[in-house]
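Here are the chains, one letter per residue:
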Amino acid sequence: MNRHLLSTTDLSRDDALLILDTAEELAQVADRPIRKLPTLRGRTVVNLFFEDSTRTRISFEAAAKRLSADVINFSAKGSSVAKGESLKDTALTLEAMGADAVVVRHSASGAPHRLAGWVRGSVVNAGDGAHEHPTQALLDAFTMRRRLGRLEGLRVAIVGDVLHSRVARSNVGLLRTLGAEVTLVAPPTLLPVAVASWPCEVSYDLNAVLPKSDVVMMLRVQQERMNAAYFPTIREYSRRYGLDSGRMALLPEHAIVMHPGPMNRGIEIGADVADSVRSTIVEQVGNGVSVRMAVLYLLLGGSEAQR
Amino acid sequence: MHASKPAGAATVSAKAAGGKIVLGEPEIRRALTRIAHEILERTDGGTDVVLLGIPTRGVPLARRLAERLAQVEGRPASAGSLDITMYRDDLRLRPARALGHTDVPPGGIDGRVVILVDDVLYSGRTVRAALDALGDLGRPRAVQLAVLVDRGHRELPIRADYVGKNLPTSQREMVKVLLEEVDGQDAVILGESDEGKARA
Amino acid sequence: MNNTAMNNTAMTDQAWLIRGARPLGGQPADLLLADGLIQEVAGAGTAEAPVGAQVLDAAGLIALPGLVDLHTHLREPGREDAETVETGTAAAALGGFTAVHAMANTDPVADTAGVAEQIWRLGRQAGRCDVRPVGAVTTGLEGRRLAELGAMADSAARVRVFSDDGSCVADAVLMRRALEYVKAFDGVIAQHAQEPRLTDGAQVNEGEISGRLGLTGWPAVAEEAIIARDCLLAAHVGSALHVCHVSTAGSVEIIRWAKSKGWRVTAEVTPHHLLLTDDLAASYDPVYKVNPPLRTAADVAELRAGLADGTIDCVATDHAPHPLEDKETEWPVAANGMTGLETALRVVQEALVDTGLLDWAGVADRMSVRPALIGRLTGDGAPRHGAPLAAGSPASLVLYDPAGREVVDPATHASRSRNSPFAGMALPGRVVATFLRGTPTVLDGKLAR
């Protein structure tokens, strides 16, 4: 298929299941005394992070190191980029350093696509603007499957600022590919204009959707959106779309609560909800390493010919 | 990402493979029984033995051996699986492969006698990879190797402790093991291979 | 261009006999050009070549009056790395244009008589086509105070078209005043219709594409609402409004309605909006990034129909050259704009002539006659363009070969910049020769002189 992972829509059902199954096997490494496999020895993975994100970067770093790859971290702050170096020149520098894979996070949608045209290695999108965050969706699907035993026919509610969320876009694409049913819940202002063309349902009423959901995924809401009139106040947003313990009680017994992090405790998710047994927030982090190991292995672990 | 899957469960008749059957179901059965007895002899009754089958077909073989050990000794024997894909030395020659399942039985491998189980021993590279994998999992007291077929042409200093059948072959030939659990029948087939390069 | 003496640099004494061309796609004819005018139009093969005349075999070629572009960015002064008047007018001539209107968003902005005259002089020096500076509506294009429109109108550049293009004159009162003010000297305000608050940070057409790509959308209503407002304002004060780069079906409808009321509204459409759609943005290649953005297939269809039925008066290229480093970036940071002078006629052939929507006479009307009228290029105080191909008209014309089909390669363009969205695309036809008042600026598809 592809030598890059730029978007979940690039993944067929078989591709996606292969990643999840591989991650399942690689998850065992975390419990071993020697948390290392020799597979990517001699390969270089560059973390190219133009946006601050310690969590995601550390996750990719751990994944690469567990596969014995060399990791180079490049963060935009205080670097040549801060001095105005273009994306293209940064890419050419990485080429010269012999990067086998570039994991890139950027505030501009489509930046990984541009990068893919300028480097010979594999490009992994670690989040581009409001566009996609494929490994997040993969680790979310992995978590759901582990907790609930299946993905086919699973009813997933994604709640919050869908308009600006790359996590939402990636999840809608991937879950649909894997046979789950997605419902987006948000105020109308935070839904894209053409959301009716997306492969999912849409609702403005969180209370109505919760009893029919196996998974509730809460998206982080940003205070700035209030200033741009997407909703009147944080209080009103939280009242209508926040998952507090009262709402959590509406969920079926087996249902789980997810959040890509970082959370605004008390706004989109109650503190007690975040800490409840239903919450997968902590295990999502560990699962992230396994899933990213799987992605790096499948992109870099085989012959050059496929690339 | 594209992965070549481990050889699947499609049944291949000897005729379709263009070869001849060198071991049938009864011969395989007897060979495994003999190996089980040899294991018990050489490991002092199978104490502290963990059988780890190398996917794909090493796994059902390990299970069958474990059943025989349990029958003879009257107590259960440990069997599991050890996938060695991540330790292969030839990964870069083909697109990334899907992983097999690793299942180390409770009790682990530290201080125990691990018996690796595989269907065919050829170049020895698979076993070399398995030794590396074991090294990262723990420290066995000893590692032994049981194979159903040894077809010669070793490329590394590796030998099997228990062999079902020694089968001298030319590198132009291909040895295919079929097992009930995977392929629906038990047979060892010797035929012509197109690529002389398919090495176990 | 000055009014009395014919332009010096463009004139030589060389006469030309063009044999067998098809004026407006009609019957083959011979055209004799001398002293800057069309002296005679006769049946093919019948005209006699006067002594010393050069003969050009134009069999199979369409003859059109020299094309007039109401909307070009020549970038000089200020962004000579992207384009200069010299290179831009060379590109224009190669595209069959004999007059271009240079937009005011230069650096410094053309909001004074001084800058307008500078651009006008640069055009005369280059000599390849007439350059008509467009004056800014507001000082610095800031949308706060009117620029000295009268001074620009009275200057040697004799500005008649005023536009803040690049920005919208969003303040309703300011737009009203501008519309009123230019009545004094038969000027016209050309509006870049874009409600600024509705398009804050906008990157692509708002629709299925923007949602999928995670890019901020540019909703059609932001264009349509301003057009509707401005049509009403123009009617209210009895002035003329020209709408730049119409891009949506809704805009076409509004303009059609305004014209039906007899209001003095004219409109232009770019070649790229007649051919390309927003799904091209999915590659995230900023060569497709433009303001207003590429829209949907439904919009393209309505724009074509609007141009065909005359609701949209003309094609204007909005030629917007940008250096590589402004386009070879991630999308949100890239500059808006596409080059278009050298491909315009070919795109119009592909989108309208070859689809049967418009014939060559219609092309002459939309790409020469009407834009010349809107730009007031009537020969009275300004050089005359868009005149019929008949004896007595200025010898400004283009010979175009509609046959053949070739892939567009921006590396061969005369424009300094390479940001053409048609790169790699096969388009029909080619400009063979361009004449400006009897002097060839392009011969055999290459710059003359």
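Residues numbered from 1 in each chain as written. Chains lettered and ligands numbered in written order. Predicted model: local features only at pLDDT ≥ 70, side-chain atom pairs only at ≥ 80, totals over all residues.

If you tally the helices and strands in chain B, you get 5 helices and 8 strands. Its helices and strands in sequence order give chain B the pattern α-β-α-β-α-β-β-α-β-β-β-α-β, from N to C terminus. With 200 residues in all, chain B has 42% of them scored as buried. Nonlocal contacts in chain B, meaning residues at least 24 apart in sequence, comprise 70% of its contacts between residues at least 6 apart. (Helix = DSSP H or I, 4+ residues; strand = E, 2+ residues; numbered from the N terminus. Buried ≥ 20, exposed ≤ 12 C-beta atoms within 10 Å, placed from the backbone. Contact = placed C-beta atoms within 7 Å.)

Another aspect to go through is the overall build of chain C. The helix and strand inventory of chain C stands at 12 helices and 19 strands. Taken against the 2.2 N^0.38 rule, which gives 22 Å for 449 residues, the C-alpha radius of gyration of chain C at 21 Å falls within 12% of a compact globule. For chain C, the C-alpha atoms occupy an extent of roughly 65 × 45 × 45 Å along the three principal directions. When the 449 residues of chain C are sorted by exposure, 59% land in the buried category. Expressed as a percentage of contacts within chain C between residues at least 6 apart in sequence, the contacts between residues at least 24 apart total 74%. (Rg over C-alpha atoms; globule rule 2.2 N^0.38 Å.)

Every contact between the two is made by 21 residues of chain A and, on the other side, 17 residues of chain C. When contributions to the side of chain A that touches chain C are tallied by element, the ones reaching two or more residues are helix H3 (87-97), helix H4 (111-116) and helix H6 (166-177) of chain A. The element contributing the most residues to the side of chain A that touches chain C is H4 of chain A, with 3 residues. Across the side of chain A that touches chain C, the residue classes tally to 8 nonpolar, 8 polar and 5 charged. (Nonpolar A, V, L, I, M, F, W, Y, C, P; charged D, E, K, R; others polar.)

Further remarks concern the packing of helix H6 (residues 221-237) of chain C against helix H7 (residues 249-260) of chain C. Residues and elements named next belong to chain C. Viewed as axis vectors pointing N to C, H6 and H7 meet at an angle of 10°, and their least axial separation amounts to 9 Å. Looking at the two axes, H6 sits roughly parallel to H7. Only Gly250, Ser251, Ile254, Ile255 and Ala258 of H7 make contact with H6, whose side of the interface consists of Glu223, Glu224, Ile227, Ala228 and Cys231. Residues belonging to the contact of H6 with H7 are distributed by class as follows: 6 nonpolar, 2 polar and 2 charged. (Axes fitted to C-alpha atoms, helices over the stretch in contact; angles between N-to-C directions. Parallel < 35°, antiparallel > 145°, perpendicular 65-115°, else oblique.)

Most peptide bonds take the trans form, and the phi angle of most residues other than glycine is negative. A cis amide bond, omega -10°, links Gly261 of chain A with the succeeding residue Pro262 of chain A. Structurally, Pro262 of chain A is set in the loop between strand E9 (256-258) and helix H11 (271-274). Cis geometry marks the peptide bond from Glu76 of chain C to Pro77 of chain C; its omega dihedral reads 5°. Structurally, Pro77 of chain C can be placed in the loop between strand E6 (67-72) and helix H1 (85-94).

Take the interface of chain B and chain A next. Listed as interface residues are 19 residues of chain B and, on the opposing side, 20 residues of chain A. Here the residues of the side of chain B that touches chain A sort into 11 nonpolar, 3 polar and 5 charged.

Glancing now at the sheet that holds strand E13 (residues 241-243) of chain C. Residues and elements named next belong to chain C. Taken together, 5 strands build an open sheet; the order of strands is E9-E10-E13-E14-E15 and the sheet is parallel. Of all strands in the sheet, those with a lone pairing partner are strand E9 (161-162) and strand E15 (314-315), marking the two edges. As defined by bridge partners, E9 adjoins strand E10 (residues 188-191) across 2 bridges and the pair is classed as parallel. Bridge pairing links Phe162 to Ile189 in E10. In this fold H6 packs onto E10, E13 and strand E14 (265-269), with an angle of close to 165° to the strand it touches most, E13. (Pairing = 2+ DSSP bridges.)

Turning next to the sheet that holds strand E4 (residues 113-121) of chain B. What links the strands of a sheet is backbone hydrogen bonding, and the strands pair in either a parallel or an antiparallel sense. Residues and elements named next belong to chain B. Read from one edge to the other, the open sheet built from 5 strands follows the order E3-E2-E4-E5-E6, with strand pairing classed as parallel. Where the open sheet ends on each side, the last strands, each with one partner, are strand E3 (78-81) and strand E6 (162-166). Between one strand and the next, the sheet's axes are offset by a mean angle of 25°, whatever the strand orientation. With 5 bridges joining them, strand E2 (residues 49-53) and E4 adopt parallel strand pairing. Its bridge partner lying in E4, Leu52 is registered against Leu116. Sheet contacts for helix H3 (residues 58-73): E2, E3, E4 and strand E5 (142-150); angle to E2, the most-contacted strand, approximately 150°. Across the face of the sheet, helix H4 (residues 125-137) comes into contact with E4 and E5 while running at roughly 155° to E4.

Next up on the list: the pairing of strand E4 (residues 122-128) of chain A. All names here are of chain A. Counting buried positions along E4 yields 7 of 7 residues, so the element is predominantly enclosed. Where strand E3 (residues 101-106) meets E4, 5 bridges bridge the pair, whose relative direction is parallel. Counted as the bridge partner of Val103 is Val124 from E4. Chirality of the crossover, the property in question, places the unit of E3, H4 and E4 among those that are right-handed. (Right-handed = clockwise from strand over helix to strand, strands pointing away.)

Right, let's talk about the domain arrangement of chain C for a bit. All names here are of chain C. Each assigned domain of chain C is listed with its residue range as follows: domain 1 (16-63 + 390-447) and domain 2 (66-374). For domain 1 versus domain 2, the distance between C-alpha centres works out to 26 Å. Domain 1 puts 29 residues into the contact, and the matching count from domain 2 is 41 residues. The set of elements that each furnish at least two residues to the side of domain 1 that touches domain 2 consists of strand E16 (397-407), strand E17 (426-436) and strand E18 (439-443). The dominant element in the side of domain 1 that touches domain 2, judged by the number of residues it contributes, is E17, at 6 residues. (Domains from an automatic or database assignment.)

Residues and elements named next belong to chain B. On E3, burial covers both faces: Ser78 and Gly80 on one face and Ala79 and Ser81 on the other are all buried. By the bridge criterion, 4 bridges tie E2 to E3 in an arrangement that is parallel. Each residue of the ladder has a partner; that of Gly53, found in E3, is Ser81. Handedness of the crossover is the feature at issue here: the chain leaves E2, passes through H3, returns alongside E3, and the resulting connection is right-handed.

This part takes up the environment of Arg132 of chain C. Summarising the element assignment, Arg132 of chain C is placed in strand E8 (residues 130-133). Each C-alpha atom, one on Arg132 of chain C and one on Asp409 of chain C, is 28 Å from the other, the two residues being 277 residues apart in sequence.

Residue and element names in this part refer to chain C. In terms of residue burial, H1 counts as a mostly covered element, since 9 of its 10 residues are buried. All of the buried residues in H1 are Val85, Thr87, Gly88, Thr89, Ala90, Ala91, Ala92, Ala93 and Leu94. At the C-terminal side of H1, Gly96 shows a positive phi close to 95°.

The biggest cluster of nonpolar side chains holds 295 residues, and the ones touching the most others in it are Val102, Val159, Val216 and Leu296 of chain A, Leu51 and Leu65 of chain B together with Val348 of chain C. Apart from residues lying up to four places away in sequence, Val348 of chain C is in contact with Pro271, Leu274, Val315, Val353, Val363 and Met367 of chain C. (Core = buried A, V, L, I, M, F, W, Y, C linked by C-beta atoms within 7 Å.)

Take the packing of helix H5 (residues 134-148) of chain A against H6 of chain A next. All names here are of chain A. Close contact between H5 and H6 brings their axes to 8 Å; oriented N to C, the two are set at 55°. Considering the angle they form, H5 stands oblique to H6. In this structure, the crossing between H5 and H6 has a hand that is right-handed. Along the contact surface, H5 presents Pro134, Gln136, Ala137, Leu138, Asp140 and Ala141, while H6 presents Val167, Ser170, Asn171, Leu174 and Leu175. (Left-handed = near helix turned anticlockwise from the far one by under 90°.)

Attention shifts here to the confidence of the model for chain C. Interpretation of this model should avoid reading the predicted coordinates in detail wherever pLDDT is low. Residue and element names in this part refer to chain C. Within chain C, residue pLDDT values average 95, and 97% of them lie at 70 or more. In the model, residues 1-10 has pLDDT below 50 throughout and makes 17 contacts with residues more than four positions away in sequence or in other chains. For this predicted complex, the interface confidence reaches an ipTM of 0.87, while the overall pTM sits at 0.89. (pLDDT = per-residue confidence, 0-100.)

The buried fraction of helix H11 (residues 344-353) of chain C amounts to 10 of the 10 residues, a majority that puts the element mostly inside the structure. Along H11 of chain C, the residues that are buried comprise Ala344, Leu345, Arg346, Val347, Val348, Gln349, Glu350, Ala351, Leu352 and Val353 of chain C.

What follows covers the confidence of the model for chain B. With 88% of its residues at a pLDDT of 70 or more, chain B shows a mean pLDDT of 89. Low pLDDT, under 50, characterises residues 4-11 of chain B; the predicted model gives this stretch 14 contacts beyond four residues in sequence or across chains.

Position of Ala281 of chain C among the secondary structure elements: in the loop between helix H8 (271-275) and helix H9 (297-308). For Ala281 of chain C, the residues in contact, after removing those within four places along its chain, are Val204, Ile209, Leu213 and Tyr288 of chain C.

Here we take up the environment of His153 of chain B. Within the element layout of this structure, His153 of chain B appears in the loop between E5 and E6. With sequence-adjacent residues up to four places away left out, His153 of chain B is seen in contact with Tyr122, Ser123 and Gln171 of chain B.

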